[in-house]
Amino acid sequence: MTTSEQYETIIVERPEPAIVRVVMNRPEARNAQNLQMTYDLNTAFDRAVQDDAVKVIILAGNGPHFSAGHDLRPTGKNQAGVDFPPVGNWGGFAEPNAHGRFAREQEIYLQVTRRWRNLAKPTIAEVHGKCIAGGLMLAWACDLIVASRDAEFCDPVVTMGVCGVEWFVHPWELGARKAKEMLFTADVWSADEARRLGMVNHVVPRGDLSSFTMELARRIAAKPAFALKLSKEAVNRSVDIMGQPAAIDQAFALHQLCHAHNLQEFGMVVDPAGLHPSVRKTANVK
């Protein structure tokens, strides 16, 4: 029997003893990721990793979409390192200008996503509807991606004057030429194209998405826990040796340079012309 635990922005389900299902639960915001969700997810993932009975973690979204990305609107708890205990080791959250901005984004975008990518247990993203910008980071941090046929993926951040999202693994997920095309155009790519490019493992009908993902999780959970952990470690370290961590870090530095340029050009860290009208006037981007 499924059990569940409610957080402020997520629901943690235990459909079976060996499987945890973490469900983003801000449907009214299309599961846009605010600071509360970032740390709710981090707590839930850490608890699942520390529970020796858990072998597989599924990440899903409640409502019409998986995730609309980072929530740029101001919220009650929005101070990294103040409203939530930091998980990284950078510090400097209260410093002015580029120092403080770099510290904040280092903590809540780069380092926390790296932690999730390196969780010691297999993770599966269960993606439906829109998966945009920061939503891509959530899916890309997972080991496997199962998508419904209606799933659509997009990184439109170039339209905001920034060189892609902070967890910059586009060349690894899409291949270099497609990564350039999708960044330059900010076009949407379908679930079928994502599978063809190797980014998505399986594409299934929307009505079968959760059951298919659960069955895949069961097949994985039937394997020895230590072998699963070390298999994941072996693949991740192979990608690391190919240079992925250094590539992500240099892209993150370029991302910060874009912010600095936009601040001088527009008085805000993104080009306002690229913001959706719903957040253009209220975006917390200064």
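A quick note: this is a predicted structure, and the numbers were derived from the prediction, not measured.

Focus on the sheet that holds strand β6 (residues 130-132)
Strand order in the open sheet made by the three strands is β6-β8-β9, with mixed pairing throughout. Only two strands of the sheet have a single neighbouring strand rather than two, namely β6 and β9 (189-190). Here β6 pairs with strand β8 (residues 152-154) via three bridges, running parallel. Counted as the bridge partner of Lys130 is Glu152 from β8.

Observations regarding helix α2 (residues 97-117)
The end-to-end C-alpha distance of α2, which contains 21 residues, comes to 29 Å, matching closely the 30 Å that a straight helix rising 1.5 Å per residue would cover. Of all the bends in α2, the largest measures some 45° and sits at Gln106.

Section: the sheet that holds strand β2 (residues 10-16)
Read across the sheet, seven strands follow the order β1-β2-β3-β4-β5-β7-β10 without closing on themselves; strand pairing throughout is mixed. If you trace the sheet from one side to the other, it starts and ends with β1 (3-6) and β10 (202-204), each paired once. Neighbour-to-neighbour, the strand axes of this sheet turn through a mean angle of 20°, independent of strand direction. Pairing of strand β5 (residues 123-127) with strand β7 (residues 144-148), which is carried by four bridges, proceeds in the parallel orientation. The partner of Ile124 across the bridge, within β7, is Leu144.

Conventions and cut-offs
- Note on numbering: residues in each chain are counted from 1, in written sequence order.
- Selection of residues for local features in this predicted model requires a pLDDT of at least 70, selection of side-chain atom pairs for listing and counting requires 80 or more, and totals for whole chains, interfaces and linings are taken over all residues.
- Heavy atoms from the whole structure form the basis of all side-chain values; hydrogens and water molecules are not counted.
- Strand pairing follows a simple DSSP-based rule, namely that at least 2 bridges must link the two strands.
- Segments assigned H or I by DSSP are reported as helices when at least four residues long, segments assigned E as strands when at least two residues long, and all are numbered from the N terminus.
- Expected span, for any helix, means 1.5 Å times one less than how many residues it has.
- Bend is computed residue by residue as the angle between axes fitted to the seven residues ending at the residue and the seven residues starting at it.
- Structural elements are reduced to axes, namely lines fitted to C-alpha atoms, with helices fitted over the stretch in contact, and the angle between N-to-C directions of any two is expressed from 0 to 180 degrees.

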